[in-house]
Amino acid sequence: DEIRRRVSWAAVAATVLIAAIGIFGWTMNEAASSKHYAAPLAAPDVVTLEDGTRVQLAANTQIDADMDGKQRNVRMERGEAEFRVSHDAKRSFRVHTPHGTVVALGTVFKVIVKDRGLDVDVTEGRVELSSRQRGGPAMQLAKGEEASVLADGKIRLVAKPKGSASVGSIPA
């Protein structure tokens, strides 16, 4: 009886130890896949993410990029960045902001995160824009279209003057 109890406790301890090692390994792997990029306070910067996507960061803009075998996620809390997304049919490319999420559908687009909203301007291809609000609206935008996610979570298409172009585009 005493031997069974000791074997039982040893099995429980071994299981807990294996689970702890697994969780630690997974956490370390997740942390290792996240990379931080920042533009200086006074000047823009162009960075290349590990998947080949080129990002032009406006002055004082920061992003965190998480790339794995299934998806590509960028977190952007504030600032302005233009993304020239490298094609990868197996992994979606998403930019998450406090106000909404932009999903690239093979494209070049600009994201501007403001205190009370988010602007997206598509210069090539298409994106899908969704509000952070639960069950909030979503909208697909094509080349030449611009939309804003407002503070209340609504998405509004922005009329652009004819002939207007994005300034400071990333070279191909």
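(A) A look at the sheet that holds strand E11 (residues 126-131). Across the sheet, which stays open at both edges, the seven strands sit in the order E1-E4-E5-E7-E8-E11-E12 with mixed pairing between neighbours. The open sheet is flanked by strand E1 (34-38) and strand E12 (138-142), the only strands paired with a single partner. The mean inter-strand angle of the sheet, taken between neighbouring strand axes irrespective of direction, is 20 degrees. As paired elements, strand E8 (residues 100-104) and E11 share five bridges and run antiparallel to each other.

(B) Main features of the pattern of salt bridges. Taken as a whole and judged by the stated rule, the model has eight salt bridges. In this structure, Asp-51 and Arg-72 form a salt bridge, with 2.6 Å as the shortest nitrogen-oxygen distance. Taken together, the residues Asp-51 in the loop between strand E2 (45-48) and strand E3 (54-57) and Arg-72 in strand E5 (residues 71-75) connect sequence positions 21 residues apart. As far as burial versus exposure is concerned, Asp-51 and Arg-72 are alike and both buried. We note a salt bridge from Glu-80 to Lys-110, for which the minimum N-O separation is 3.5 Å. Linking Glu-80 in strand E6 (residues 79-84) with Lys-110 in strand E9 (residues 108-114), this pair joins segments that are 30 residues apart in sequence. Of the residues examined, Lys-110 reaches a relative accessible area of 11% and is grouped as buried.

(C) Looking closely at unusual backbone geometry. Its identity as a non-glycine residue notwithstanding, Asn-60 has a phi of 60 degrees, on the positive side. Summarising the element assignment, Asn-60 is placed in the loop between E3 and strand E4 (62-67).

(D) Focus on the confidence of the model for the protein chain. Averaged over every residue, the pLDDT of the protein chain is 82; the share at 70 or more is 76%. Taken together, the stretch residues 24-32 has pLDDT below 50 and engages in zero contacts with residues farther than four places along the chain or on a different chain.

(E) Just the pairing of E9, in detail. Taking burial as the measure, the seven residues of E9 include five buried ones, the bulk of the element. Pairing of E6 with E9 involves six bridges; the strand directions are antiparallel. Within the sheet, the bridge partner assigned to Glu-82 lies in E9 and is Lys-110. Pairing geometry for E9 and strand E10 (residues 117-124), over seven bridges, is antiparallel. Across the sheet, the residue bridging to Lys-110 is Asp-121, located in E10. Two successive antiparallel strands, E9 and E10, enclose a turn made up of two residues.

(F) A look at the pairing of strand E13 (residues 146-150). Most of E13 sits out of view: four of its five residues are buried. With five bridges connecting them, E10 and E13 associate as antiparallel partners. Looking at the pairing, Leu-118 lines up with Val-149 of E13. Bridge analysis of E13 against strand E14 (residues 155-158) gives four bridges, and the strand direction is antiparallel. Paired with Glu-146 across the bridge in E14 is Val-158. Following E13, the chain reverses through four residues before pairing antiparallel with E14; Gly-153 in that reversal takes a positive phi of roughly 95 degrees.

What counts, and where the lines are drawn
- Residues numbered from 1 in each chain as written.
- Predicted model: local features only at pLDDT ≥ 70, side-chain atom pairs only at ≥ 80, totals over all residues.
- Heavy atoms only, no water.
- Pairing = 2+ DSSP bridges.
- Helix = DSSP H or I, 4+ residues; strand = E, 2+ residues; numbered from the N terminus.
- Axes fitted to C-alpha atoms, helices over the stretch in contact; angles between N-to-C directions.
- Salt bridge = Lys/Arg side-chain N within 4 Å of Asp/Glu carboxyl O.
- Buried < 20%, exposed > 50% of the residue type's maximum accessible area, 1.4 Å probe, protein only.
- pLDDT = per-residue confidence, 0-100.
- Contact = heavy atoms within 4.5 Å.

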